[in-house]
Amino acid sequence: MKNTIQFQKGYSLSEFFNQYGTEDQCHKALFDWRWPEGYICSECGSTRHCCLKARKLYQCNHCHHQGSLTSGTIFSSTNLPLTTWFLAIHLITQSKTGIAALELKRQLGVSYNTAWGMKQKIMQVMKERDDSKVLSGKIQLDDVYWGGERRGLKAHKRGRGSANKTPFVAAVAVNKEGHPIRMNMCVIKGFRSKEILKWARRHIAPDSMVISDGLPCFSAVKEAGCSHATIITGGGPESVTHQEFTWVNTMIGNVKNALVGTYHAINHKHLPRYLAEFCYRFNRRFQLEDMLPRFCYVATRTPPMPLRLLTLAENYG
Ligand SMILES: [Zn+2]
């Protein structure tokens, strides 16, 4: 039997170009996603306005504020055509394992730095979107290091804060049948109770049922109102196949393969965004056809992120 996710009707490049092949089409679409009820002044909320066509600006009749379709959004302060943005979003959201900046540069015909900046901004939108949602129900939870061995070394590396290894938590919410619903992968400062509590309060609903191995800090989820079951796995190869952890282990394997296979080298400070990108696509895997409209709707509500800020270290939000 065909896998219904893998064989679902996607959104082809030719469909994409029919719908969003011109600047005009992209402009109209983005306008409707940003202002479904018509233009609204971002300063005073007035809807009365005039268009300064030559400069592609909207001027408020009430306060005279001038805004553009992209100002105040993640698309602002770039001189890129919307068609280039839309194509980048299409390629990134439709790809299963991600698309590297170098490949994006080739496909879009822009410089590497431009492609890299777009990629980071698009991932930032994905991160902020998924950060606004929580996991609930039954949740498989595990600890992972990026840059280190997952098994074997794990036991005695724990708590030593080894260099070149970035700790992150992986959590997968499963339904009654044990199928994965949603996941979250989040860089944390370390596997300490305080950090797990902080993560749990932000990313999982109270009353969730969390299942983890015996790492002591995981019991901090109880302070966030969750119940917690510990399954001692012994850390050997058999723990990988333990059914209580099947999905979280599978996802950890998938994300590592995807990141290594697609990106080769990821600066640790950008890891949170790459993890978010992976989770974002997984969490919307049933909705391939709607990826672009849904993304753009959120993107017009995501504040600008100057490149200068993108290149600073993440503060592990
Ligand atoms: Zn106004």
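Thresholds applied
Residues numbered from 1 in each chain as written. Predicted model: local features only at pLDDT ≥ 70, side-chain atom pairs only at ≥ 80, totals over all residues. Heavy atoms only, no water. Donors = N, O, S within 2.8 Å, 3.2 Å for Na, K, Ca; no water. Tetrahedral: all angles 85-135°; square planar, octahedral: opposite > 155°, others 65-115°. Helix = DSSP H or I, 4+ residues; strand = E, 2+ residues; numbered from the N terminus. Expected span 1.5 Å × (residues − 1). Buried < 20%, exposed > 50% of the residue type's maximum accessible area, 1.4 Å probe, protein only. Contact = heavy atoms within 4.5 Å. Polar contact = N/O pair within 3.5 Å; in protein donor to acceptor, adjacent residues only side chain to side chain. Pairing = 2+ DSSP bridges. Axes fitted to C-alpha atoms, helices over the stretch in contact; angles between N-to-C directions. Patch = residues over 30% accessible without salt bridge, like charges linked within 9 Å, V, L, I, M, F, W, Y side chains within 5 Å. Areas by Shrake-Rupley, 256 points an atom, 1.4 Å probe, with all protein chains shown as cover. Salt bridge = Lys/Arg side-chain N within 4 Å of Asp/Glu carboxyl O. Lys, Arg positive; Asp, Glu negative; His and termini not counted. Charge placed at Lys NZ, Arg CZ, Asp CG, Glu CD. pLDDT = per-residue confidence, 0-100.

Chemist: Summarise the coordination of the zinc ion; cite the residues concerned and give the values.
Modeler: At 2.3 to 2.4 Å from the zinc ion lie its protein donor atoms, namely C41 (SG), C44 (SG), C60 (SG) and C63 (SG). Coordination at the zinc ion is tetrahedral, judged from the four donor atoms that bind it and the angles of 101 to 113° they form at the metal. The sequence motif formed by the donor residues of the zinc ion is C-x2-C-x15-C-x2-C. Note that C41 is positioned in the loop between α2 (23–34) and β1 (49–52) and C63 in the loop between β2 (57–60) and β3 (66–67), a separation of 22 residues in sequence.

Chemist: Kindly report on helix α5 (residues 112–131), identifying the contributing residues and their values.
Modeler: A rise of 1.5 Å per residue sets the reference length of α5, with its 20 residues, at 28 Å; its end C-alpha atoms lie 28 Å apart and thus fit the reference within 8%. Across the 20 residues of α5, 15 count as buried, placing the element largely inside the fold.

Chemist: A description of the environment of S46 should follow, citing residues and the corresponding values.
Modeler: Relative to the helices and strands, S46 is located in the loop between α2 and β1. Judged by relative accessible area, S46 falls into the buried class, the value being 14%. Leave out the neighbours within four places in its chain, and S46 touches Y39, I40, C41, C60 and H62. Among the polar contacts listed, one links the side chain of S46 to the backbone nitrogen of R48, at a separation of 3.2 Å.

Chemist: Break down the sheet that holds strand β5 (residues 166–174) for me, with residues and values.
Modeler: With respect to topology, five strands assemble into an open sheet ordered β6-β5-β4-β7-β8, the strand pairing being mixed. Whereas interior strands pair on both sides, the edge strands pair on one side only; in this sheet they are β6 (180–187) and β8 (227–230). Along the sheet, successive strands turn relative to each other by an average axial angle of 25°, direction set aside. Pairing analysis gives three bridges linking strand β4 (residues 138–146) to strand β7 (residues 209–212), with the strands arranged parallel. Note on β7: the bridge partner recorded for Q140 is I211. Docked against the sheet, helix α10 (residues 271–283) engages β4, β5 and β6, running at close to 175° with respect to β6.

Chemist: Quick rundown of the pairing of β1? Include the residues and the values.
Modeler: Sheet topology places β1 next to β2; four bridges connect them, and they run antiparallel. Among the inter-strand pairings, C50 is bridged to a residue of β2, identified as Q59.

Chemist: Could you give an account of a positive patch on the surface, naming the residues involved and the relevant values?
Modeler: A contiguous patch of positive charge, built from K189, R192, K194 and K198, is present on the exposed surface. The residue K194 is located in helix α7 (residues 193–203) in this model.

Chemist: Any details on the confidence of the model for the chain? Residues and values, ideally.
Modeler: Model confidence for the chain is summarised by a mean pLDDT of 87, while 87% of its residues fall at 70 or above. Here helix α6 (residues 154–157) is the element of the chain with the lowest mean pLDDT, 41, and α7 is the one with the highest, 97. Below pLDDT 50 for its whole length, residues 150–160 participates in 21 contacts with residues either more than four positions away or in separate chains.

Chemist: Any details on the pairing of β5? Residues and values, ideally.
Modeler: Taking burial as the measure, the nine residues of β5 include nine buried ones, the bulk of the element. In β5, alternate side chains face the same way, and those of T166, F168, A170, V172 and V174 on one face and P167, V169, A171 and A173 on the other are all buried. As judged from the nine bridges shared by β4 and β5, these two strands associate in the antiparallel manner. Across the sheet, residue V144 finds its bridge partner in β5, namely F168. Looking at chain direction, β5 and β6 are connected through seven bridges and run antiparallel. When the sheet's bridge partners are listed, F168 is paired in β6 with V187. If you look at the hairpin formed by β5 and β6, you'll find five residues sitting between the two strands, and G178 has a positive phi there, around 85°.

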